[in-house]
Amino acid sequence: MIEKTRHIPDGKKERKNQPVSHYLEAEYLYFPTTDLRCPAGESCVIDGQYVKVGELIGTRHGGFFDQPIHSTVSGYVVGFEKKVHSSGQTVDCLIVKNDKKYVLHESCVSRTDEEIAALTKEDYIQIIKDSGLSGLGGSGFPTYVKLETKNKIDVIVANGVECEPHLISDYKLILERAHRIIEGLTYAMRAQGAKRGVVAVKKKYPELYEVLENARHSFMDFDIEIKRVGNHYPQGWEIETIKAATGIQVPVGKMPSEYGVCVFNVATLYGFYRAVKRRMPITERFVTISGNGIKTERNFSVRIGTPVRDLIEMCGGYTENDKNKVVICGGPMMGTNLQSDDLIVTKTVTSLIVLDEEPIKTEPCIHCASCVYSCPVDLQPVQIMNAYKERDKDALAVLNVNKCIECGLCSFTCPSKIHLTETMRQAKRFIRK
Amino acid sequence: MNYAKQTAPYVRKENSTKRMMVDVLIALLPVVVFAIYQFGWDAVVRLVLSAVIFILGEVVTTFYRTKPHPSVKERKEKFKVRFKTLTINNITAPLVSAIIYALIIPSNLSLYVVAVGALFGILVVKAAFGGLGSNIFNPAAAGRVFIGLSFTSQFAYTGIDAVVGATPLGAAKDALLNIPNLLQNYTVLDLFLGNIPGSMGEISALLIIIGGIYLFARRAADFRVTLSTLVSFSVMMAIAAIAVNGNVVDIVVYQLLAGGLLFGAVFMVTDPVTSPVTKPGRWIYGLLVGSIVAFIRLFGSYPEGVVFAILLANIFVPLIDYYKWSKNRYSVKFIVGYVVALALLGFIVLVGLGGLN
Ligand code: SF4
Ligand code: SF4
């Protein structure tokens, strides 16, 4: 219909109330040695070697950065196998056979408050670099690179919005670890020299506000504010979160750091806490298995490296009908379509959604402009589509197709069910040629 | 189990083009019922005739526009492939056009002329441009203008547009000043309820407003175009009233309620296919329609002022949507431009009616 679409039925209510199962029984854990950002990688362990929780077992090499890989269980290294990464690629994975003893590595000793107080910006960068922390909101971008910015940061925004439907992993994390998230935020503030910290959570979750507000009172030396922001999609998009949390308008395509803002996902801040205080990398994360293609929907807390097939099995497997299954890693608006369920839980895997395939029949565009009204970047998807059909490069450039964040709202809202978002992607590829 | 290939997003909103069309049909229903109540079989026959022509025209042309793959040789197979491309929208969309078309013609217009207009609307204006979603002009409006121009003598016009609109330039002032007298024949309440002569659907303002409220509440139409049309039209008429020293309220209310303006503003300019696709664009489009209707009524002599205005404004839509300046944000430039345009057009009305003398 002709209106700005901002709300998407998100199914979070049901999922929120479901308990979280801790799953520690995985027989084998898999650690990708390459991924989308890091085309090369190596392991620093040999077959048969005994490794412990938190031990360095390899490194991924990106263009201008390295990412260490840590084991999340204790056990023996037993070789390599190809598995599916959250980006949909098949990658080499180092296998560790789990002895289920969860022996902690010697390096994982907590830092005292005095030690932490003495840390300099360089120390923080090194600590975060060694912990292999990366943007856990989904970007997977190495966090230490963000810390290295030359710009002066005044305020750090903790993004706890998680606006994609179906996902509740940040929600659960805040509920269970609010205190540590705030502590992580204070480390991030110290690392960046930021005066202010703002935690953004959705208005419709007062319980999150409560726990964060309580946690905040233990850190009265820091200027931290818990901000309740809108419930709509894509409120979790960096630019909208910054706007809602601090009032600062960062133009699309600019770095937030140029405006004195730095955004971290709450899970990333939890990672700060682990790295700085505990000298530990992230070893666990929440994963939701949902969708109408799966027998029972469940939430899990699992070790990084757990094969998703184990979890699917615990959910009772797929529903049995003759429909094809759409397997999605991530949320239903922006997630990646997988052609296999042989997926490994990496740090950025938040959920697996399995849907029965329903054919979507498209109709001709009727110029209703719902897509134009709904686009959060103020693009005109219908005009971009028409320009792309004409293969008109100039028009595509003027219409700013490159600013599209692929949020999916235009496809979602179109009454003719035209797959505009896909057209945006094709148009982007086309003008890059 | 097989893996399906799809790309994000994987979910879609619960809406459809079909629902939008059906909403328009529902909104038209009270007006249709009233037309049948007022004009009886005359209305029924004309409604059915236009519906049949529009739907058949759409179905047949869509059917033959689809080119089955060259590998499909057999006639029966070809037929099947073509048949499959037809959707419910090939019925609802032309039905909307047909009903609107039937409602803007006089109830006693000869059936032959009705048919010619309908055929022109569906075949030349819609199908020739590529069918649903591709037409530049509003099919109903174009059909109406076509017969209006080709069969002028057929229109034994008793409608108020005839009184309001068919006045030569020099007499415009007298006509405007005459409105209070007219209002003694027909009260504002009559205008509102539809106790007046006119085209079938245009006469009951109340039912049109009810339909409009439904449309806007269901978001099946964009209120911006309608509002902009009515605002710009009222401004022009108010200035005209001032120019001739008339009663501003009387004249504006009379002009708003009489004739095809309200019907056009609610059901015709809101047609998304022929509207621009940005919010400012839609305001500009409404401004064009509103002021052209006012100009035709004040200075022209076409009883079909509204449909004419819509067709004229349709010409500007691709220009409004031109990618170099179309923006969905309201900019200061746009607001200033809108107000200045309104003021300029108003000034022309003022001068044209001798308000400065
Ligand atoms: S996918 Fe791109 S074009 Fe579509 S609404 Fe999102 S940002 Fe706008
Ligand atoms: S592409 Fe879809 S949403 Fe956009 S104007 Fe066309 S019909 Fe409306």
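Owing to the predicted nature of the structure, the values given are computational and were not obtained by experimental measurement. (Residues numbered from 1 in each chain as written. Chains lettered and ligands numbered in written order. Predicted model: local features only at pLDDT ≥ 70, side-chain atom pairs only at ≥ 80, totals over all residues. Heavy atoms only, no water.)

Draft legend 1. Fine view of the pairing of strand E8 (residues 90–98) of chain A. Residue and element names in this part refer to chain A. Sheet topology places strand E2 (residues 28–32) next to E8; 5 bridges connect them, and they run antiparallel. Looking across to E8, one finds that phenylalanine 31 is bridged to leucine 94. With 8 bridges connecting them, strand E7 (residues 75–84) and E8 associate as antiparallel partners. Along E8, the bridge assignment pairs valine 77 with valine 96. Remark: 5 residues form the turn of the hairpin made by E7 and E8, two consecutive strands paired antiparallel; glycine 88 in that turn has positive phi of roughly 95°. (Pairing = 2+ DSSP bridges. Helix = DSSP H or I, 4+ residues; strand = E, 2+ residues; numbered from the N terminus.)

Draft legend 2. Representation of empty space enclosed by the protein. Residues and elements named next belong to chain B. Under the counting rule described, the total for this entry stands at 6 cavities of 30 Å³ or more. In this structure, the largest cavity occupies an estimated 320 Å³ of space. Together, 24 residues line the largest cavity, and Met21, Val96, Ser97, Asp271 and Pro272 are the ones closest to its centre. Of all elements in the fold, only helix H1 (17–39), helix H4 (89–103), helix H6 (139–150) and helix H13 (261–268) reach the threshold of two or more residues within the lining of the largest cavity. With 4 residues, the single largest contributor to the lining of the largest cavity is H4. Residue composition of the lining of the largest cavity, grouped by class: 17 nonpolar, 5 polar and 2 charged. (1 Å grid on protein atoms, 1.4 Å probe; cavity = no way out; pocket = protein on both sides within 12 Å on 5 of 7 lines; lining within 4 Å. Points joined across faces, edges and corners; volume = space filled by probe spheres on them. Nonpolar A, V, L, I, M, F, W, Y, C, P; charged D, E, K, R; others polar.)

Draft legend 3. Region of the structure containing the UniProt feature "binding site: [4Fe-4S] cluster 1" (unreviewed entry) in chain A. In this structure's numbering, the residues bearing the UniProt feature "binding site: [4Fe-4S] cluster 1" (unreviewed entry) are A:Cys365, A:Cys368, A:Cys371 and A:Cys414. A maximum C-alpha distance of 10.6 Å is found for the annotated residues, which run over 50 residues; spatially they form one tight group. As for its placement among the helices and strands, A:Cys365 is situated in the loop between strand E17 (351–356) and helix H10 (370–374). For A:Cys365, a relative accessible area of 22% corresponds to the partly exposed category. Contact partners of A:Cys365, with chain neighbours within four places excluded, come to A:Val382, A:Met385, A:Ser416, A:Ile418 and B:Gly133. Position of A:Cys414 among the secondary structure elements: in the loop between helix H13 (409–413) and helix H14 (420–432). Leaving out residues up to four positions away in the same chain, A:Cys414 has contacts with A:Leu420 and B:Asn15. (UniProt positions renumbered as here; feature names shortened; annotations may be inferred. Buried < 20%, exposed > 50% of the residue type's maximum accessible area, 1.4 Å probe, protein only. Contact = heavy atoms within 4.5 Å.)

Draft legend 4. Local environment of the interface of chain A and chain B. Listed per partner, the contact involves 56 residues of chain A and 42 residues of chain B. Carbon and sulfur atoms supply 56% of the area buried between chain A and chain B, which totals about 4500 Å² over both sides. It is A:Met1, A:Ile366 and A:Tyr373 in chain A that bury the most area against chain B; as a group they hold 16% of the surface buried on that side. Seen at the junction of chain A and chain B, the total is 3 salt bridges. Between A:Glu3 and B:Arg219 there is a salt bridge whose closest N-O contact spans 3.6 Å. Summed over the shared surface of chain A and chain B, the number is 32 residue pairs in polar contact (both at pLDDT 80 or more). Those elements that provide at least two residues to the side of chain A that touches chain B are strand E15 (325–329), strand E16 (336–338), H10, helix H11 (381–389), helix H12 (393–398), H13 and H14 of chain A. Per-element tally for the side of chain A that touches chain B: the top contributor is E15(A), with 4 residues. In the side of chain A that touches chain B, the residues fall into 26 nonpolar, 17 polar and 13 charged. (Buried area = accessible area lost by both parts, 1.4 Å probe. Salt bridge = Lys/Arg side-chain N within 4 Å of Asp/Glu carboxyl O. Polar contact = N/O pair within 3.5 Å; in protein donor to acceptor, adjacent residues only side chain to side chain.)

Draft legend 5. Molecular detail of the state of the cysteines. On inspection of all chains with the given rule, the structure shows 0 disulfides over all chains. Between A:Cys262, a free cysteine, and A:Cys163, which holds the nearest cysteine sulfur, the sulfur-to-sulfur gap is 19 Å. (Disulfide = S-S within 2.5 Å.)

Draft legend 6. Spotlight on the sheet that holds strand E13 (residues 284–290) of chain A. All names here are of chain A. As summarised here, the arrangement of the 6 strands in space is E1-E14-E13-E17-E15-E16, forming an open sheet in which the pairing is mixed. The open sheet has two edge strands with one neighbour each: strand E1 (20–23) and E16. Averaged over all pairs of adjacent strands, the angle between their axes in this sheet comes to 25°, without regard to strand direction. Here 5 bridges tie E15 to E17, and the two strands are oriented antiparallel to one another. When the bridges of E17 are listed, lysine 325 appears paired with aspartate 356. (Axes fitted to C-alpha atoms, helices over the stretch in contact; angles between N-to-C directions.)

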